[in-house]
Amino acid sequence: MDFETYEPVSTLIVPEHKLTKAKYPFIDVHNHQGNMATQNLSTLIQEMEKLNMGVMVNLSGQTGERLKQSLKNVKENYPKRFIVFANIDFKGFGEPDWINKAVQQLEEDVRNGANGLKIFKNLGFSVKDNSGNRVPVDDPRLNAIWEKCAELKIPVLIHTADPKPFWDPMDDKNERWLELSTHPNRKRGSDNPVPFEQLIEEQHRMFKKNRNTSFIAAHFGWYPNDLARLSELLSKMPNVYVEFGAVIAELGRQPRAAKSFFEKFQDRILFGKDSWVPAEYATYFRVLETEDEYFPYHKKYHAFWRMYGLGLDDRILKKVYYKNALRIIPNIDKSMFPID
Ligand SMILES: [Zn+2]
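Procedures and definitions
- Residues numbered from 1 in each chain as written.
- Predicted model: local features only at pLDDT ≥ 70, side-chain atom pairs only at ≥ 80, totals over all residues.
- Heavy atoms only, no water.
- Axes fitted to C-alpha atoms, helices over the stretch in contact; angles between N-to-C directions.
- Helix = DSSP H or I, 4+ residues; strand = E, 2+ residues; numbered from the N terminus.
- Parallel < 35°, antiparallel > 145°, perpendicular 65-115°, else oblique.
- Left-handed = near helix turned anticlockwise from the far one by under 90°.
- Contact = heavy atoms within 4.5 Å.
- Nonpolar A, V, L, I, M, F, W, Y, C, P; charged D, E, K, R; others polar.
- Salt bridge = Lys/Arg side-chain N within 4 Å of Asp/Glu carboxyl O.
- Buried < 20%, exposed > 50% of the residue type's maximum accessible area, 1.4 Å probe, protein only.
- Donors = N, O, S within 2.8 Å, 3.2 Å for Na, K, Ca; no water.
- Right-handed = clockwise from strand over helix to strand, strands pointing away.
- Pairing = 2+ DSSP bridges.
- Phe/Tyr/Trp six-rings, centres within 6.5 Å; stacked < 30°, edge-to-face > 60°.
- Expected span 1.5 Å × (residues − 1).
- Bend = angle between axes of the 7 residues up to and from the residue.
- Polar contact = N/O pair within 3.5 Å; in protein donor to acceptor, adjacent residues only side chain to side chain.

Moving on to the packing of helix 3 (residues 98-111) against helix 5 (residues 143-152). The contact between helix 3 and helix 5 brings their axes to 10 Å, and the two run at 25°. When the axes of helix 3 and helix 5 are compared, the pair comes out roughly parallel. The interaxial crossing formed by helix 3 with helix 5 has right-handed handedness. Taken together, the residues of helix 5 that come into contact with helix 3 (itself represented by Trp98, Ile99, Ala102, Val103, Leu106, Glu107 and Val110) are Ala144, Ile145, Lys148, Cys149, Glu151 and Leu152. Residues that form the contact of helix 3 with helix 5 fall into these classes: ten nonpolar, no polar and three charged.

Here you go:
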């Protein structure tokens, strides 16, 4: 028998609370709907209702005409249930007029109804300037965009880098071995295109240089497995927030440390999920709301370990589920959420 086959059934008998619905209506700040311009939103709404998702933030809004189409679909059908973030088209970056055009486009996208900017991980990994050089996350030629976001009072949700083990040797010591062996294209050489630490440092320098801009670091800034480090970073960067898309298994394996982190940074954490698989939200609700013990995660390649609930109190749950997002992301209808 090999590691992938071994799937023992737990003999532990403890109370179980398998939640299919969040205790409060929530705002998922990290969702991707690539087809919002034409899709039937009623199907989406039905799935959201089942989960108690009040508002979905679609980070894949694109830009220009395509974004306009998505916003039109939302406005005509469910104007209060979806928020759409714009994206930047990096083509031509480095050409003399690129930055002015990009800033103008962003202004237009926001005028058309976008309520935030999403930066994908291609910045840092694969975006190149017109001379063929990699564009670092803190490239000063991008500052005008971050400044514009501050002026427009919209947040920037940014995903930089990937889990550190993707850069490490793929051997019996690598905690993401199963993920890398089932997704071989995620494996990187130790300096491809640069080491993990360098990308993260670029991101942090950019955060610090743009103090007036609100940034949401996706996936707990890839430090969900080192909350002491993340705690230090958040203390130094008051303009930075985090969301836990795709990393709930990291929190569920350290319920005491995670709970005290949520207590300390209760105003800085947002609910995010990333991939749209409605059944998987149950794991998120269970980790956040219950005190269940030794329960499984939904993907073995993210977590071959079992998890424990944080049992967050209602005051903190409400902040994470909706209050923080209502404060940071503009134009969400507050009337859908409990006031107290
Ligand atoms: Zn994402």
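Moving on from the coordinates now.
Attention now goes to the pattern of salt bridges. What the rule picks out here adds up to 27 salt bridges. The closest approach of N and O atoms between glutamate 76 and lysine 72, which form a salt bridge, is 3.5 Å. A residue pair is termed a helical-turn pair when its members lie 3 or 4 positions apart in one helix, as glutamate 76 and lysine 72 do in helix 2 (residues 64-77) at four residues. Overall, glutamate 76 belongs to the exposed group, its relative accessible area being 55%. The salt bridge involving lysine 148 is made with glutamate 151; its shortest N-O contact spans 3.1 Å. Placement of both lysine 148 and glutamate 151 in helix 5 is noted, with a separation of three residues, approximately one turn of the helix. The exposure class of glutamate 151 is exposed, given its relative accessible area of 54%.

In ideal tetrahedral geometry, four donors around a metal make angles of 109.5 degrees, whereas ideal octahedral geometry with six donors gives angles of 90 or 180 degrees. Looking at the metal site, the zinc ion is ligated by His30 (NE2), His32 (NE2) and Asp274 (OD), spaced 2.0 to 2.5 Å from it. Between the donor residues of the zinc ion, the gaps in sequence give the motif H-x1-H-x241-D. Here histidine 30, found in strand 1 (residues 26-31), pairs with aspartate 274, found in the loop between strand 8 (269-270) and helix 11 (281-289); they are 244 residues apart in sequence, far enough to count as distant. Its relative accessible area of 1% is what places histidine 30 among the buried residues.

What follows deals with the pairing of strand 1. Counting buried positions over the six residues of strand 1 gives six, a clear majority of the element. Once you follow strand 1 into helix 1 (residues 41-51) and on to strand 2 (residues 53-58), the crossover reads as right-handed.

Take the side chain of histidine 159 next. Its location among the elements puts histidine 159 in the loop between strand 5 (156-158) and helix 6 (177-182). With sequence-adjacent residues up to four places away left out, histidine 159 is seen in contact with Lys118, Ile119, Phe120, Lys121, Ala218, His219 and Trp222.

If you trace the five strands from one edge of the open sheet to the other, you get 4-5-6-7-8, paired in parallel fashion. The sheet is open, and its two edges are formed by strand 4 (117-119) and strand 8, each paired on a single side. Across three bridges, strand 6 (residues 215-217) lies against strand 7 (residues 240-243) in parallel orientation. Counterpart to alanine 217 in the pairing with strand 7 is valine 242.

Here we take up the packing of aromatic side chains. The geometry of two aromatic rings is summed up by the distance between their centres and the angle between their planes. If you walk through the whole model with that rule in mind, you get 29 aromatic pairs. Between the aromatic rings of phenylalanine 220 and phenylalanine 261, the centroid separation amounts to 5.5 Å while the plane-to-plane angle is 45°, which identifies the pairing as tilted. Here phenylalanine 220, found in the loop between strand 6 and helix 8 (227-236), pairs with phenylalanine 261, found in helix 10 (residues 255-264); they are 41 residues apart in sequence, far enough to count as distant. Given a relative accessible area of 0%, phenylalanine 220 falls into the buried group. A relative accessible area of 5% means that phenylalanine 261 is categorised as buried. Taking the centre distance of 6.1 Å and the plane angle of 35° together, the rings of phenylalanine 244 and tyrosine 284 count as tilted. On the criterion of sequence distance, the pair formed by phenylalanine 244 in the loop between strand 7 and helix 9 (248-252) and tyrosine 284 in helix 11 is long-range, its members being 40 residues apart.

In a regular helix each residue adds 1.5 Å, so 15 residues correspond to 21 Å; helix 12 (residues 314-328) covers 20 Å between its end C-alpha atoms and thus fits that length. At valine 320, helix 12 shows its largest bend, some 55°. The buried fraction of helix 12 amounts to eleven of the 15 residues, a majority that puts the element mostly inside the structure. Residues of helix 12 that are buried in the fold lie against strand 1, strand 6, strand 7, helix 10, strand 8 and helix 11. You can read the cap of helix 12 off the contacts: a side-chain oxygen lies 3.1 Å from the backbone nitrogen of arginine 315, and it is on aspartate 313.

Ordered by their spatial adjacency, three strands build an open sheet running 1-2-3, and the pairing between neighbours is parallel. Both outer strands of the open sheet, strand 1 and strand 3 (82-84), are each paired with one neighbouring strand and no more. In this sheet, adjacent strand axes meet at a mean angle of 20° when their direction is disregarded. With three bridges connecting them, strand 2 and strand 3 associate as parallel partners.

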